[in-house]
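# Structure assessment
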Amino acid sequence: MSSIGKALNIVENIMAALGCILLLFITILVCVEVTSRYIFGYSFIWVNEVTEYSLLYITCLGGAWLLRQNGHITIDIVDFVPSELLHRIIRVFVPITGIIVSGIITWYGILTAIDLYERNVTSVTALATPQVYVYIAIPISFFIIMLEFIRILYGAIFLSINKGGGMH
Amino acid sequence: MIWWQVLALILVGLFFLMLFRVPIAFAFLLVNIVAAYFIWGEKEGLDLLISSMGGALTNFSLLPIPLFILMGEIMFQSGIAPKMINTVDKWFGNVPGRLSMLAVGSGALLSTLTASNMASTAMLGSTLIPEMENKNYSKTMAIGPILGSGALAAMIPPSALGILLASMGQVSVGQFLIAIILPGLLMAVIYMIYIIIRAVTSPHLAPAYEQSSASIEEKATDTLKYIAPLGLIFLLVLGFIFLGIATPTEAAALGALGSIILSACNKQLNLDVIVKSLSGTLKITVMILLIISGSTAFSQILSFSGATRNLVSIVQNVSTVPIIVLILMLLLVIILGTFLESLSIMMLIVPIFFPIASALDFNLLWFSVLLLLAIEVGTISPPFGTGLFAMKGVVSRNTTMMTIYSSAIPFIFLLIGLIVLIICVPSIVTWLPSMMET
Amino acid sequence: EETSDATDTNSNNNEGETFKIVSFLAADHAFTEGIVPIWIDKMEEATDGAVTFEWIGGPESVPLEEQFDAVVNGTAEVGFNVSSYYGHLMPETHSLNLSPHTPEEERENGYFDYLQERFNEQNLEYAGRWLGPSPYYFWTNEKIESLDDLKGLRMRSNPTYDGILQRLEVNPVTVSPADVYTSLERNMVDGFGFPLLGPHDSGWTEVTEYIVDEPFLNQNGTILFNKQAFDSLSPDIQEKIKEANAEFEHDMIEHFNEKNEKEWEAIQEAGVEKITLSDEDSEKFQGFVESAFWEKLENEAPEEVGTLRELFENE
Ligand code: NA
Ligand code: NA
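Just so you know, these numbers come straight off a predicted model, no measurement behind them.

### Quick word on the confidence of the model for chain C
Residue and element names in this part refer to chain C.
- Looking at chain C as a whole, its pLDDT mean stands at 86, while 94% of the residues score no less than 70.
- The low-confidence segment residues 1-14, where pLDDT is below 50, has 14 contacts with residues more than four positions distant or belonging to other chains.
- In the model output, the complex is listed with pTM 0.81 alongside ipTM 0.78.

Structure, rendered in structure tokens:
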């Protein structure tokens, strides 16, 4: 597990780093575009489309990394219920839900990507970007998210067995 | 299945998942997977869901969100926030409730940098609470004003929630950012009036203390150094939007670039600052955008199932008094706010409330500001609120959650008071945007 | 009273089929609000209860880019689309914008049948047009006296007429619908292209001074049925629907002519001034339009261009 775990960490970190670079890139791109429009009277019509795709890419690149850091927003009401059993159930229930969701999204994401590729679907704009390049980010991201949820589930089961053992 | 059964099932499922600690984005996704399967139609429905996820994010009206967050992160990471609070501190003379007033004053300033309330509350709390305890401030006069000021973050531009609300409600993002300025400032003023009244009537809550006064030169240099450049960026960003020189996205990008240049000029820019700012931005951005991506289909499925249309016409038929509908909607938001967090409330209500508001012919700018205020109440209303938890993270260990709750209550009422005021005087919202129309 | 009707049809509709309609604009848009109900009434009357139609809504119900596929797949049975949003899948349908003929002529000269064949291949039944006459116009805040005055202006762009803007040497700017008002008011853009209907309802005419009375392009609205859904109807009913659609196109033209006439008055009352181009410029402009579109067709559907030119020359 630990070497697989390390590999997963590395993949997530690389994705997150790419997300950060993309973030910096669109900031600069938008600044260049607005400057060019005002100073040289010339605007790049593709900037909007590229920045829009970046928004999806940034989200997909950071999703699993954020999950590892426990950074996704949750509602913590249940923490106030003083039942260790309930908490243990939830520690297992949440990653199982996550695995199901990210598994389904990965699968249908792949199907969608294949369909977009086969039909050669492009954007309706002047750039005519093949949409497979845009949508492929979804299954890739959710596949890594699924792996991260599997790690969380593994941790939850492993830890609770350990804990249970300790109490006897 | 009849539309209201669908609606009830979807909502119950969503609440169940959220309450059981499933991350909100995944709770929305799971409900949407099931609903897409049955309502949009099996495999095709799930294909549509994937498209909806992608389509939700490839939307350029959301772009200002990461860019504004980046602008604030760079400022924070380059260490400007504590210096700013310090400078405001030097300016405050011996006003009653000095430190509480300082909390509101710096809260308003910090809000020009931060797009969300957690950062603001944590920053103010960690800087001011120790000193307040030192000066024997009562817990309520210490914690309350900071909680209240955290809510300012969303009401003074930039505001991530505001941008999102405007873009989902098809209101102009630029106009909305301008529209929240007066309500935000008014909020700060109302807090200050309240603090002065409390401090004067019960001096033991916020004991006055001798404070070494800084020379006027020192105040002036600090202001020039720590507040002026930042104020300049803020004014440029808002000015660009107000004057229509740049779109909110462009203004945000220029603001982010401006803050990078500013921190470079102050010799505070290094790789560490850049990496921390970018990863901090990535964190908040992904947090917000993944929820948007997961919940956009929610609104489309509700609409497809007929639930939205039927609800809207029921509201139109049942109540002939729009103001009652408005009050009910805001009340519902405030009730949801006691246990849900802001983003999920927004995702739940916008698809249903905006069609109702346009059917009733409300001014959508005004309506959105009221909604945002009601949502902000939730960040500090017991038992659950991001502001409350951020506060718990920075107060001393012996402070109980109950103390934080009771400190929040007066400020909740002040916020509700502001909501009532804006209902009665809509021009608080509409005046500034109407100045854009010269 | 609409609610109770809607609920009733939802809950106890046992006789006949119910077809769901998605439209590319929301139910309260000037383009859709009048015409879709007219169509529904016409179809329900013609089929005498064999089919009822339920208008699910616009992009708030099914994402715009997905509406075409939603009808292909049967998520919805009927789509009121425009080819701008599926032209990348069927580039030959960009020709809908260019057709010089009336819908009636299209049914007679073979263009309708040509499209029907193409749509059938996509698992769709082409029922006819639903938008028009609603050509585009350029709306500006600069007094345009000749085509040269357009050079260097910043206009809100749209993929449909990007190629035309390019030929006019206009600077395209992307502006979301919610921000058009502000960007006109603050002079971020000098104008936009849009049909007659819409800008006044959206309030844009408050901040727009001129409309160039040089209509260009046809609208490309199509009514499409999911093929299986359509084929599931009896041949008799199918025939009735086809006939009713041909009739509907007459009603549609009347409907939009009436609306356009009122709209001209409304926008002029709102202070929008009409600008007319010289004959020479008008010809040059329409030349740009033609060349932009034929170029698009030649690039994206080269093997169809010959057929299309022939069809458009047929009387
Ligand atoms: Na703010
Ligand atoms: Na709360």
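### Here we look at the interface of chain B and chain C
- With 33 residues of chain B at the interface, the matching set in chain C holds 29 residues.
- In total, chain B and chain C occlude about 2,400 Å² of area from one another, counting both sides; carbon and sulfur atoms represent 55% of this.
- The tally of links from chain B across to chain C stands at 0 salt bridges.
- At the level of elements, α2 (24-57), α9 (173-179), α11 (216-243), α13 (271-304) and α14 (307-318) of chain B are the ones that each hand at least two residues to the side of chain B that touches chain C.
- Of the residues belonging to the side of chain B that touches chain C, the class tally is 14 nonpolar, 15 polar and 4 charged.

### Quick notes on a nonpolar patch on the surface
Residues and elements named next belong to chain B.
- Side chains of V321, I323, I324, I327, L328, L331 and I335 sit close together on the surface and give an oily, nonpolar patch of about 590 Å² of accessible area.
- Position of L328 among the secondary structure elements: in helix α15 (residues 322-339).
- For L328, a relative accessible area of 53% translates into the label exposed.

### A word on the nonpolar core
- One finds A:I105 and B:F26 to be the most contacted residues of the largest nonpolar core, which totals 261 residues.
- Each residue touching B:F26, except ones within four places of it in the same chain, is listed here: A:H72, A:V101, A:F142, A:I145, A:F149 and B:L290.
- If you look at the next biggest cluster of nonpolar residues, it comprises 32 residues, including C:F80, C:I223, C:I241 and C:A244.

### Structural notes on the sheet that holds strand β2 (residues 51-57) of chain C
Residues and elements named next belong to chain C.
- Strand order across the open sheet formed by 5 strands is β2-β1-β3-β10-β4, with mixed pairing between neighbours. In this open sheet, the two edge strands, each paired with only one partner strand, are β2 and β4 (124-129). When strand polarity is set aside, the average angle formed by the axes of neighbouring strands in this sheet is 25°.
- Relative to strand β3 (residues 78-82), strand β1 (residues 17-23) runs parallel, the two sharing 3 bridges. Among the inter-strand pairings, S23 is bridged to a residue of β3, identified as F80.
- Each of β4 and β10 (221-226) is contacted by helix α5 (residues 111-121), which is oriented at about 150° to β4, the strand it contacts most.

### Focus on the environment of A:M15
Residue and element names in this part refer to chain A.
- Within the secondary structure, M15 is located in helix α1 (residues 2-40).
- Between the C-alpha atom of M15 and that of G62, which follows or precedes it by 47 residues, the distance is 6.6 Å.
- Once you skip the residues sitting within four places of it in the chain, M15 turns out to touch C60, L61, S141 and I144.

### Focus on the sheet that holds strand β9 (residues 210-216) of chain C
Residues and elements named next belong to chain C.
- Taken together, 6 strands build an open sheet; the order of strands is β7-β6-β8-β5-β9-β11 and the sheet is mixed. Of all the strands in the sheet, the pair left with one neighbour each is β7 (171-173) and β11 (273-275). On average, each strand axis in the sheet is inclined to that of its neighbour by 35°, with strand direction left out of account.
- Direction of pairing for β9 relative to β11: parallel, over a ladder of 3 bridges. Note on β11: the bridge partner recorded for Y210 is E273.
- The sheet strands contacting helix α9 (residues 235-269) are β5 (136-140), β9 and β11, and the helix crosses β9 at an angle near 155°.

### Some thoughts on the pairing of β10(C)
Residue and element names in this part refer to chain C.
- β10 sits mainly inside the fold: 6 of its 6 residues count as buried.
- Both faces of β10 are covered, namely the face carrying G221, I223 and F225 and the face carrying T222, L224 and N226.
- Pairing between β3 and β10: 5 bridges, direction antiparallel. Bridge pairing links N81 to T222 in β10.

### Things to note about the pattern of salt bridges
- Taken as a whole, this structure holds 29 salt bridges over all chains when the rule is applied.
- B:D222 is the salt-bridge partner of B:K90, the closest N and O atoms lying 2.5 Å from each other. One end of the pair, B:K90, is in helix α4 (residues 80-91); the other, B:D222, is in helix α11, with 132 residues separating them in the sequence. Here the two residues B:K90 and B:D222 agree in accessibility, since each one is buried.
- Notably, a salt bridge pairs C:K143 with C:E273, separated by 3.1 Å at the nearest N-O pair. Placement of C:K143 in the loop between β5 and β6 (154-156) and of C:E273 in strand β11 is noted, with a sequence separation of 130 residues between them.
- Through salt bridges with shared partners, a single network forms among A:E12, A:R68, A:E148 and A:R151.

### Comments concerning the interface of chain A and chain B
- The partner chain B presents 59 residues to the 54 residues of chain A that form the contact.
- Carbon and sulfur atoms make up 82% of the area that chain A and chain B hide from each other, which totals about 5,300 Å².
- Three residues, A:L55, A:I73 and A:I75, lead the burial of chain A against chain B; their summed loss comes to 14% of the area buried on that side.
- Linking chain A to chain B there are 0 salt bridges.
- Our count for the chain A to chain B interface comes out at 1 residue pair in polar contact (both at pLDDT 80 or more).
- Mapped onto the side of chain A that touches chain B, the elements with two or more residues apiece are α1, α2 (46-68), α3 (84-118), α4 (131-135) and α5 (137-167) of chain A.
- Of the residues that constitute the side of chain A that touches chain B, the class distribution is 35 nonpolar, 14 polar and 5 charged.

Rules behind the numbers
- Residues numbered from 1 in each chain as written.
- Chains lettered and ligands numbered in written order.
- Predicted model: local features only at pLDDT ≥ 70, side-chain atom pairs only at ≥ 80, totals over all residues.
- Heavy atoms only, no water.
- pLDDT = per-residue confidence, 0-100.
- Contact = heavy atoms within 4.5 Å.
- Buried area = accessible area lost by both parts, 1.4 Å probe.
- Salt bridge = Lys/Arg side-chain N within 4 Å of Asp/Glu carboxyl O.
- Helix = DSSP H or I, 4+ residues; strand = E, 2+ residues; numbered from the N terminus.
- Nonpolar A, V, L, I, M, F, W, Y, C, P; charged D, E, K, R; others polar.
- Patch = residues over 30% accessible without salt bridge, like charges linked within 9 Å, V, L, I, M, F, W, Y side chains within 5 Å.
- Areas by Shrake-Rupley, 256 points an atom, 1.4 Å probe, with all protein chains shown as cover.
- Buried < 20%, exposed > 50% of the residue type's maximum accessible area, 1.4 Å probe, protein only.
- Core = buried A, V, L, I, M, F, W, Y, C linked by side-chain atoms within 4.5 Å.
- Pairing = 2+ DSSP bridges.
- Axes fitted to C-alpha atoms, helices over the stretch in contact; angles between N-to-C directions.
- Polar contact = N/O pair within 3.5 Å; in protein donor to acceptor, adjacent residues only side chain to side chain.

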